[in-house]
Amino acid sequence: MKEETKPVPAEQTKIVEAGKISKWLKDNGFEHEVMEPDHLGVEIIKVDRNFLLPIATALYAYGFNYLQCQCGYDSGPGQDLVSMYHLIKLSDNADRPEEVRIKVFLPREDPRVPSVYWIWKAVDWQERESYDMFGIVYEGHPKLKRLLMPEDWVGFPLRKDYVSPDFYELQDAF
C-alpha cells in the first residue's frame, strides 16, 4: 500500500520566542506582539499606536533611559509606514547594556502616532525628520514642522510611492 505524501507548505511560520523585556511587559499587562530579533539579537516588539505611550513610559520606568534612534520607513507602495524607536538601558559599569526596538506600524492613509518627546527629549529632531520625509504625524510634538524640506514642499520624498515634481522652483538663499 502506497503512503500518501502531504505537500510541504511553501512558507512555514517560524515561532518567535519572547525575550526578557517582552516577558516583563506581558507580566505587567502591556499588550504587544513579539517580532524576530535582529541579527545582533536585539529584541523587537510591535506596538499598536494606541499603546505606544503607556509602553514607552513603562520601559522608561524599567530603566530604558536613552533613546538612541528614532526613524521612519516605508514598507512599500500601498503598505504601512513604520515609526521605529531604539532604546538602551544605560547604567554605570555596563559593558553590554540592554537594548530593545519598538516598531509601530501605521496605515498610509492615517499615519498618526503619539510623540514620545515628553519621555525622551532627544527624539525632537528625529520625529521632525520622520514627519518631513514620510508624513508621519507625531501628535503632541511641541514643534512639528518640516526640518529638511522647504515649508511649502508638497509630498514626502522618502515614501516609496512619491512622484518627483517635473520642476523645482529656485528660491533666494538668505
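That block above? That's the structure.
Residues numbered from 1 in each chain as written. Predicted model: local features only at pLDDT ≥ 70, side-chain atom pairs only at ≥ 80, totals over all residues. Heavy atoms only, no water.

*Asks:* Please give an account of the pairing of strand S2 (residues 43-46) that cites residues and values.
*Replies:* With 3 bridges connecting them, strand S1 (residues 33-35) and S2 associate as antiparallel partners. Looking at S2, one finds that glutamate 33 is bridged to lysine 46. In terms of strand pairing, S2 meets strand S5 (residues 98-106) through 4 bridges, oriented parallel. Looking at the pairing, lysine 46 lines up with lysine 103 of S5. (Pairing = 2+ DSSP bridges. Helix = DSSP H or I, 4+ residues; strand = E, 2+ residues; numbered from the N terminus.)

*Asks:* Which residues make up the state of the cysteines, and what are the values?
*Replies:* Evaluation of the coordinates by the stated rule reveals 0 disulfides. Free cysteine cysteine 69: the closest other cysteine sulfur is in cysteine 71, separated by 4.6 Å. (Disulfide = S-S within 2.5 Å.)

*Asks:* Would you mind going over the environment of tyrosine 73 in detail, with residue names and values included?
*Replies:* Locating tyrosine 73 in the fold gives a position in strand S3 (residues 66-74). Given the relative accessible area of 29%, tyrosine 73 is considered partly exposed. On a C-alpha basis, the gap between tyrosine 73 and phenylalanine 134 in space is 7.2 Å, while along the polypeptide they are 61 residues apart. In this structure tyrosine 73 touches Asp80, Leu81, Val82, Lys103, Phe105 and Phe134, once residues within four positions along its chain are discounted. (Buried < 20%, exposed > 50% of the residue type's maximum accessible area, 1.4 Å probe, protein only. Contact = heavy atoms within 4.5 Å.)

*Asks:* For the sheet that holds strand S4 (residues 81-89), give the residues involved together with the corresponding values.
*Replies:* Spatial strand order, S1-S2-S5-S4-S3: 5 strands in an open sheet with mixed pairing. Edge positions in the open sheet fall to S1 and S3, since each of these has one partner strand only. Neighbour-to-neighbour, the strand axes of the sheet open up by a mean angle of 25 degrees, direction not taken into account. Contacts between helix H1 (residues 20-27) and the sheet are confined to S1, S2 and S5, with S2 contributing the most and set at about 35 degrees to the helix. Against the sheet, helix H2 (residues 52-62) contacts S2, S4 and S5, and its axis sits at roughly 175 degrees relative to S5. (Axes fitted to C-alpha atoms, helices over the stretch in contact; angles between N-to-C directions.)

*Asks:* Which residues make up the packing of aromatic side chains, and what are the values?
*Replies:* Taken as a whole and judged by the stated rule, the model has 5 aromatic pairs. Seen in terms of ring centroids, tryptophan 24 and tyrosine 62 are 4.6 Å apart; in terms of plane orientation they differ by 50 degrees. Their pairing is tilted. Of this pair, tryptophan 24 sits in helix H1 while tyrosine 62 sits in helix H2, placing them 38 residues apart in sequence. You can call tryptophan 24 partly exposed: its relative accessible area is 27%. With a centroid separation of 6.2 Å and an interplanar angle of 70 degrees, the aromatic rings of tyrosine 60 and tryptophan 120 are classed as edge-to-face. Of this pair, tyrosine 60 sits in helix H2 while tryptophan 120 sits in the loop between strand S6 (112-114) and helix H3 (124-134), and the two are 60 residues apart along the sequence. Assessed through its relative accessible area of 4%, tryptophan 120 is described here as buried. Taken together through their ring pairs, the aromatic side chains of Trp24, Tyr62 and Phe64 make up a single cluster. Its end group placed over the ring of phenylalanine 105, lysine 46 keeps NZ or CZ at 4.8 Å from the ring centre. (Phe/Tyr/Trp six-rings, centres within 6.5 Å; stacked < 30°, edge-to-face > 60°. Lys NZ or Arg CZ within 6 Å of the ring centre and 35° of its normal.)

*Asks:* Can you explain the side chain of lysine 103? Please cite residues and give values.
*Replies:* Relative to the helices and strands, lysine 103 is located in strand S5. Engagement of the side chain of lysine 103 in a polar contact is seen with the side chain of tyrosine 73, the distance being 3.3 Å. (Polar contact = N/O pair within 3.5 Å; in protein donor to acceptor, adjacent residues only side chain to side chain.)

*Asks:* Before we move on, could you go through the nonpolar core and cite the residues and values that matter?
*Replies:* Leu59, Tyr85 and Ile102 are the most contacted members of the largest nonpolar core, which has 28 residues in total. For this core, the secondary-structure elements that each account for two or more residues are H1, H2, S4, S5 and H3. The dominant element in this core, judged by the number of residues it contributes, is H2, at 6 residues. Sequence-distant contacts of leucine 59, defined by excluding residues within four places in its chain, comprise Ile21, Leu25, Phe64, Leu87, Val100 and Ile102. (Core = buried A, V, L, I, M, F, W, Y, C linked by side-chain atoms within 4.5 Å.)

Keep in mind that these numbers describe shape and distance, not what the molecule does.
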